[in-house]
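Remarks on the overall topology
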Amino acid sequence: MPKTGFPKLKGGKEKDMPFVKAVHDHVGSREDKFYKTTLFRSDALLLGLNCLEPGQIQQPHDHAGQDKFYYVVEGRGQFQIGDDVTAAAAGEVVWAPAGVIHGVSNKADSRLTLLVGIAPAP
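Residue numbers here run from 1 along each chain, matching the order of that chain's written sequence. For this predicted model, a pLDDT threshold of at least 70 governs which residues receive local features, and a threshold of 80 or more governs which side-chain atom pairs are given and counted, while totals over whole chains, interfaces and linings are taken from all residues. Only hydrogens and water are set aside; all other atoms, that is, all heavy atoms of the structure, feed into the side-chain values.

1. Topic: the pattern of salt bridges
Short version of the rule: A side-chain nitrogen of Lys or Arg and a carboxyl oxygen of Asp or Glu constitute a salt bridge if their distance falls within 4 Å. Each residue is placed in one exposure class: buried if its accessible area under a 1.4 Å probe, protein chains only, is under 20% of its type's maximum, exposed if it is over 50%, and partly exposed if it falls in between.
In this structure the tally under the stated criterion is two salt bridges. A salt bridge links Arg30 to Asp32; the shortest N-O distance between them is 2.8 Å. Overall, Arg30 belongs to the partly exposed group, its relative accessible area being 35%.

Encoded structure:
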């Protein structure tokens, strides 16, 4: 079998998936709700990108058995984690432990771009 340049995954299977992606190549927008896309996914982790235009929100929700983080790539967001609401800006990371209500809103005048990780993957 020819070598693909991708490592063997669990169970000895190769998967044609690049292991390096430029975040800014995956930025997008939607008028009706915030934009999201998956960058990488395994049984252990989902890594994606969420883009919120000014005024858009991700409604508060929880993941019973999954931890989640938001890394702010660009912009500034208002994050609800449990009963707390806090702002985070580019270069900061926000963590939502499993079972804790969390959500985010973009009250700024420019796009909010978030690198999002959920483990284990939904």
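2. Some details on the packing of aromatic side chains
This is how it is decided: Think of it this way: a Phe, Tyr or Trp ring, Trp meaning its six-membered ring, pairs with another when their centres are within 6.5 Å, and the plane angle makes it stacked under 30 degrees, edge-to-face over 60, tilted otherwise. Consider the ring centre and the ring normal. A charge sits over the ring if Lys NZ or Arg CZ is within 6 Å of that centre and within 35 degrees of that normal.
Taken as a whole and assessed by the stated rule, the structure comprises one aromatic pair. Geometry around Phe40 places Lys21 over its ring, the cationic atom sitting 5.0 Å from the centre.

3. Observations regarding the layout of surface pockets
Rules: Put plainly, a pocket is an open set of points on a 1 Å grid over the protein atoms alone with protein on both sides within 12 Å along at least five of seven lines, a cavity is a set where a 1.4 Å probe fits but cannot get out, and a lining residue has an atom within 4 Å of a point. Grid points are joined across faces, edges and corners, and a volume is the space filled by probe spheres set on the points. The helix count covers DSSP runs of H or I at least four residues long, the strand count covers runs of E at least two residues long, and both are numbered beginning at the N terminus. When residue character is reported, Ala, Val, Leu, Ile, Met, Phe, Trp, Tyr, Cys and Pro are called nonpolar, Asp, Glu, Lys and Arg charged, and the others, Gly included, polar.
For the second largest pocket, the calculated volume is near 220 Å³. If you go around the second largest pocket, you meet 15 residues; those closest to its centre are Lys36, Leu46, Asn50, Lys68 and Ile118. Per-element tally for the lining of the second largest pocket: the top contributor is strand β2 (residues 46-52), with four residues. Counted by class, the lining of the second largest pocket contains six nonpolar, seven polar and two charged residues.

4. What to know about the sheet that holds strand β5 (residues 76-81)
This is how it is decided: At least two bridges found by DSSP between two strands is the condition for calling them paired. All axes are obtained by fitting lines to C-alpha atoms, using only the stretch in contact for helices, and the reported angles, taken between N-to-C directions, cover 0 to 180 degrees.
Taken in spatial order, the four strands of this open sheet run β3-β8-β5-β6, and their pairing is antiparallel. The strands lining the two open edges of the sheet, one partner per strand, are β3 (57-61) and β6 (84-89). Strand-to-strand twist of the sheet, defined as the mean angle between neighbouring strand axes without regard to direction, takes the value 20°. In the sheet, β5 pairs with β6 via six bridges, with the strands oriented antiparallel. Looking at β6, one finds that Gln80 is bridged to Val85.

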